[in-house]
Structures are given as C-alpha cells and as structure tokens.
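# Fold and geometry: a report
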Amino acid sequence: MNRLAVVTGAARGIGYSISKKLVESGWSVAGCDILQEDLDRAAERLGGGFSPWLLDVTNEEAVAETAGRIEKELGSVFGLVNNAGITRDGLLMRMSRSDWDSVLSVNLTGAFLMCRAFSRAMLRQKEGSIVNISSVVAILGASGQANYASTKAGLLGLTRALAREFAGRNIRVNAIAPGFIETEMTRELPDKVREDYAGRVPMNRMGQPESVADAVHFLLEDVSSYITGVVIPVDGGLTT
C-alpha cells in the first residue's frame, strides 16, 4: 500500500537520502525545506513520488497551513520525519543569544510544531509513525556545541514523552542518533579533520546517509510496529 510520509530538511544531505529511500520503497514523500533550489533539484531527481514543499519549520502558522494543504492535496500522512536542523557552533563564552535561540528554534521547536500539526490526523486515523533525527552529541556531548547538543537531547525527551502520550492511539514515536555521517558539510572539512573523526569510531570509518535512511525506513514500516520510545544510534559503535 502506497503511504505518505512528510520529511523536513528533505532537500539535501541526510534528509534527501531519507526521501530517496522512502520513494524507492514505494512511499510518497512530501519533502519540506527552506531551500527552494535544492528542493527543486530533489524533485527532479526523485520523480513523481516526491513533492516539494517550501517551509520554514519555525513558522507556527506556516507549519499548520502546510499540514492542512498536504493532507488535503496528498491524503493521509502515515509517517513524519523531523530531520531539519542547523548548527551555530561556538564556545559557550562566545556564543550569542541569537545563535542559541536560532538553533533551538529550528532543531527543537520546529520538531514540536511539526509533531503537533501532523499528529492530529494520525490520532484520528489511529495510525502513524514519527521519527525524530537526534545525534550522538545528545548522548556524548560536544565541546563548542552547547546549543546543538541541547536541542538534540531535547528531541530525545520529546520522543519519549510523545511515545507514551500517543501509544494508546497506535502512533509510534522513535529517534535516530546519527554519528559522524558523510554529507556535503563534512566533505568540506580538511582531510586531517575527517580522519580524526573516523579514528574515533570503532568501525574506523564515517557513516553514509543511506545508513540513517535505512534505519528511518525500518521505523516507519509495519515491521517495527511494536517499537516505540527508543533511540537507535547509527554511529559505527561510537556510543558503545
């Protein structure tokens, strides 16, 4: 059965890989992002199974309006993947309030707004799966990322709270905690830095976005129908 999933931050990186995996697996994907050109490119590559939706997840009214339009135009939403995220790294003493607020707004408040908007229909249909993309820094911490680590840890709390809140209506809420994943951003790092990152991982290599996409696909499908409230690290053993 063809089902519809909403993916935020869908235009590139991990979000694009998640969208690609779902489309190839027979899902329809409403890909949300703030990057119009990248969204258009993703739509060209992924074909008719992917519909692009320009959306700022920090805009409460826009999120509510987009949720209504997606449900009206595309049908019932059975999956939601909260992947949109930004970084504004810096040591605490140098971190501005705006850098703190912007990361919280996108990474955590955005996920809250998306969960609230799209869970309404899921609650009525008594079926759905929500996957929040957290990070290993939520577990390990990271120097210079107090804002980012706080949001990713917050996503774990949101995941567990909503898992309990929604379980009686057959809606599952889980999280993925990626480790060092090779994306456009990490490919721009100097080779020495990339080698250092890979050297910290027990499997001695950085991960690929497809590994995260596979885990998300598993949590959206019926094969994981008795799993809720869990955090799955996709990190090559980094948090073991």
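Okay, so let's go over this structure. (Residues numbered from 1 in each chain as written. Predicted model: local features only at pLDDT ≥ 70, side-chain atom pairs only at ≥ 80, totals over all residues. Heavy atoms only, no water.)

### With respect to the environment of L123
- Along the chain, the position of L123 falls in helix α4 (residues 97-125).
- Classification of L123 by relative accessible area gives partly exposed; the value is 23%.
- Look past the residues within four positions of L123 in its chain and what remains in contact with it is F166, R169 and I171. (Helix = DSSP H or I, 4+ residues; strand = E, 2+ residues; numbered from the N terminus. Buried < 20%, exposed > 50% of the residue type's maximum accessible area, 1.4 Å probe, protein only. Contact = heavy atoms within 4.5 Å.)

### Some words on the pairing of strand β4 (residues 77-82)
- Burial analysis of β4 places 6 of its 6 residues in the buried class, which makes it a mostly covered element.
- For strand β1 (residues 4-8) and β4, the ladder comprises 4 bridges, and the chain directions are parallel. Looking across to β4, one finds that A5 is bridged to G79.
- Across 4 bridges, the pairing between β4 and strand β5 (residues 128-133) is parallel. Bridge pairing links L80 to I130 in β5. (Pairing = 2+ DSSP bridges.)

### What about the packing of aromatic side chains?
- Going through the model one piece at a time under the given rule, you end up with 0 aromatic pairs.
- Between the NZ or CZ atom of R3 and the centre of the ring of F78, over which it lies, the distance is 5.0 Å.
- Of note, R45 hangs over the ring of Y16, and the distance from its end group to the ring centre comes to 5.8 Å. (Phe/Tyr/Trp six-rings, centres within 6.5 Å; stacked < 30°, edge-to-face > 60°. Lys NZ or Arg CZ within 6 Å of the ring centre and 35° of its normal.)

### Quick look at the sheet that holds strand β2 (residues 28-33)
- Read from one edge of the open sheet, 7 strands run β3-β2-β1-β4-β5-β6-β7, paired in parallel fashion. The strands lining the two open edges of the sheet, one partner per strand, are β3 (50-54) and β7 (231-234). On average, adjacent strands in this sheet sit at an angle of 20 degrees to one another, irrespective of strand direction.
- Of the strands in this sheet, β2 and β3 touch helix α2 (residues 36-46), which is tilted by about 170 degrees from β3.
- Sitting on the sheet, helix α3 (residues 60-74) is in contact with β1, β2, β3 and β4, with an inclination near 155 degrees to β3. (Axes fitted to C-alpha atoms, helices over the stretch in contact; angles between N-to-C directions.)

### With respect to the side chain of N132
- Within the secondary structure layout, N132 lies in strand β5.
- A polar side-chain atom of N132 sits 2.9 Å from a polar atom in the side chain of T159.
- Not counting the four nearest positions on each side in its chain, N132 is found in contact with N82, C115, L155, L158, T159, V173, N174, A175 and I176. (Polar contact = N/O pair within 3.5 Å; in protein donor to acceptor, adjacent residues only side chain to side chain.)

### Topic: empty space enclosed by the protein
- In the structure shown here, the tally under the stated rule is 1 cavity of 30 Å³ or more.
- Considering only enclosed or pocket space, the largest cavity measures out at about 50 Å³ in volume.
- Together, T8, V57, N82, N83, A84, V106, N107, G110, A111, M114 and L155 line the largest cavity.
- The leading source of residues in the lining of the largest cavity is α4, at 5 residues.
- Partitioning the lining of the largest cavity into residue classes produces 6 nonpolar, 5 polar and no charged. (1 Å grid on protein atoms, 1.4 Å probe; cavity = no way out; pocket = protein on both sides within 12 Å on 5 of 7 lines; lining within 4 Å. Points joined across faces, edges and corners; volume = space filled by probe spheres on them. Nonpolar A, V, L, I, M, F, W, Y, C, P; charged D, E, K, R; others polar.)

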